[in-house]
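For reference, the chains in residue letters:
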Amino acid sequence: MEKSRPLWDNPLQFVFACISYAVGLGNVWRFPYLCQMYGGGVASVVVSFFLSMYYNVINAWAFWYLFHSFQDPLPWAICPLNSNRTGYEEECEKTSSTQYFWYRQTLNISPSLEASGSVQWEQALCLTLAWLVVYLCILRGTASTGKVVYVTASLPYCVLIIYLIRGLTLHGAVNGLIYMFTPKLEQLLNPKAWISAATQIFFSLGLGFGSLIAFASYNEPSNNCQRHAIIVSLINSTTSIFASIVTFSIYGFKATFNYESCINKVILLLLNAFDLEEGSLTADNLNEMKDYLMATYPQEYAQLAPQIKNCSLEAELDTAVQGTGLAFIVYSEAIKNMEVPQLYSVLYFFMLLMLGIGSMLGNTAAILTPLTDSRAIASRFPKEVISGVVCFVNCIIGLIFTVEAGNYWFDIFNDYAATLSLLLIVLVETIAVCYIYGIRRFEKDLYTMIGCKPNWYWKIMWAFVSPLLIISLFIFYITDYILTGTLQYQAWDATQGQLVTKDYPGYALAVIGLLVASSTMCIPVGALVTFVRKRLKRERVATVA
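Quick look at the structure, then. Here the structure is a predicted model, which is why all the values come from computation and not from measurement.

So, how was this worked out
Residues numbered from 1 in each chain as written. Predicted model: local features only at pLDDT ≥ 70, side-chain atom pairs only at ≥ 80, totals over all residues. Heavy atoms only, no water. Helix = DSSP H or I, 4+ residues; strand = E, 2+ residues; numbered from the N terminus. Buried < 20%, exposed > 50% of the residue type's maximum accessible area, 1.4 Å probe, protein only. Areas by Shrake-Rupley, 256 points an atom, 1.4 Å probe, with all protein chains shown as cover. Expected span 1.5 Å × (residues − 1). Bend = angle between axes of the 7 residues up to and from the residue. Polar contact = N/O pair within 3.5 Å; in protein donor to acceptor, adjacent residues only side chain to side chain. Contact = heavy atoms within 4.5 Å. Pairing = 2+ DSSP bridges. Disulfide = S-S within 2.5 Å. Core = buried A, V, L, I, M, F, W, Y, C linked by side-chain atoms within 4.5 Å. Patch = residues over 30% accessible without salt bridge, like charges linked within 9 Å, V, L, I, M, F, W, Y side chains within 5 Å. Salt bridge = Lys/Arg side-chain N within 4 Å of Asp/Glu carboxyl O.

A word on the overall build of the chain. In terms of helices and strands, the chain carries 24 helices and two strands. Sorting the 545 residues of the chain into buried and exposed places 47% on the buried side. Carbon and sulfur atoms make up 64% of the accessible area of the chain, which amounts to about 27,200 Å² in all.

The next point concerns helix α21 (residues 420-450). Taking 1.5 Å of rise per residue, 31 residues should cover 45 Å, yet α21 covers just 34 Å from first to last C-alpha, more than 12% shy of that figure. The largest bend in α21 is about 100 degrees, located at G438.

Locating S249 in the fold gives a position in helix α12 (residues 225-274). In terms of polar contacts, S249 uses its side chain to reach the backbone carbonyl oxygen of V246, at 2.7 Å. Excluding residues that lie within four positions of it along the chain, S249 makes contacts with G167, L168, A173 and L177.

Another point: the pairing of strand β1 (residues 488-493). Pairing geometry for β1 and strand β2 (residues 498-503), over six bridges, is antiparallel. Bridging across to β2, W492 finds its partner in L499. Taking the residues between adjacent antiparallel strands as the criterion, β1 and β2 are bridged by four residues, where G497 takes a positive phi near 70 degrees.

Below, the discussion takes up the state of the cysteines. Under the counting rule described, the total for this entry stands at two disulfides. The residue that forms a disulfide with C79 is C92, at a sulfur-sulfur distance of 1.9 Å. Residues C79 and C92 are joined by a disulfide whose S-S torsion is about -80 degrees; by sign, that bridge is left-handed. In this pair, C79 sits in the loop between α4 (42-68) and α5 (90-94) while C92 sits in helix α5, placing the two residues 13 residues apart along the sequence. Of the two residues, C79 and C92, both sit in the buried class. Between the sulfur atoms of C262 and its disulfide mate C311 the distance is 2.0 Å.

With 98 residues, the main nonpolar core has Y163, F328, Y348, I412 and Y504 as its most contacted residues. For this core, the leading source of residues is α4, giving 16 residues. The residues touching Y163, leaving out its near neighbours within four places in the chain, are V246, I250, I335, M338, Y344, S345, L347 and Y348.

A few words now on a nonpolar patch on the surface. Judged by side-chain polarity, I431, Y435, I436, W456, Y457, I460, F464 and L468 come together as a nonpolar surface patch covering roughly 920 Å² of accessible area. Where the nonpolar patch is concerned, the elements lending two or more residues are α21 and α22 (456-484). With five residues, the top contributor of residues to the nonpolar patch is α22. Position of Y457 relative to the elements: it lies in helix α22.

On their own, these measurements won't tell you what the molecule is for.
Put into structure tokens, the structure is as follows:
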């Protein structure tokens, strides 16, 4: 007797699972960055597998920062002493304490991709812990996942509300919000802005990964998928804007703090150098006094000029940061300057964990659902073993991201494992449903499920608008890739205390090519295999007849 398929306890669990998956780290660290910059099948499983390999490393980093959040002072608040204890570490003095903690004490990053280095055991242990947590959450399928998503979907909103209240009361928060809501109309003509916006939607909603399809497969046949699609989309987009308000209020505080610190350092330098009276130099009259001192003491001012920084609030706000830079450097820098920084640090990194784990539940569901639905596999191994093997394999492969050059490999997977392939997967899914399966048959299926047919808006979007937009984005992406030329990456130079641009080595370019090809080629290969099987079956039937 065939085992019955497990189902969600109630429709709300499905909605929470979709929200927990869709509302992830991209809403917190990618959408705000874009605001700052620009005002099916096997293929889906492969892309989800690639994503799972590196995505859980973010949770490992969140665990690492969470464990260090209980220290006083926070370890990224000040530079550590050198070995002689006569001063601070030279690398830290050339950069900042937050960047030093990230690049040196967390990643222990190598100077280039070629210098792979050894596995960092602290990060490896955090990665193992992250995968153990994911395994425990998916151990019993929907029975355990359905309970976990209540926490992973709702708790981040509680933390964001706390951060919103705190962020709006911070000095300089208004500067960040003004910057966020000031549009850059010229960017509407920039193809990269549209490509980035589309990629954000694909990543955020999880289109093309198969996770939403996997979650939906545990619903009752009469589930109102139309209503749930609208609810999840609206909540996802609203959360992106909400998280951006929180981020930019904190970002404005950080930028204002850095700007005023820069101004105070210049004032102190000029007061001491020219023996000026205390209070004669202020932020309001600094530019006028600089012009006066330059005209009155040209030689002395010329000697001092290299030490006088150009302080600009706009420049501080223009510093575009996304991904790990935003999550682990910018936020930690802002947190260290808050009152009771340990509290806000624990809240923030716990929220990151909830967002990351929620997304990982969707990623693993996209891999596990086809495996557990396979009679050949499910009949031989229990669900717990299949889940354990998937988590173990991903954890072992993920160790590559814990070596000294691991962050460079992380960027490769993050940038190329699921970008071009997602566009192609969703395009093929749309064409297959609308023009091969047929939009009328699909319309009847929906009528059977929800009791009403979709209106003209949905059919026009499915059949015409969506395919045209995806094809346009696909062309823009290929054109941009060709115009870019040699692919490059940002490497950490410890001697300068900053990132430098380097060309990818040949083997890295080969890996990039394999990442893109392995997911996109699944579609034509799968179609060819299906065509050959049906042709052979038809010939066998004809021979028998």
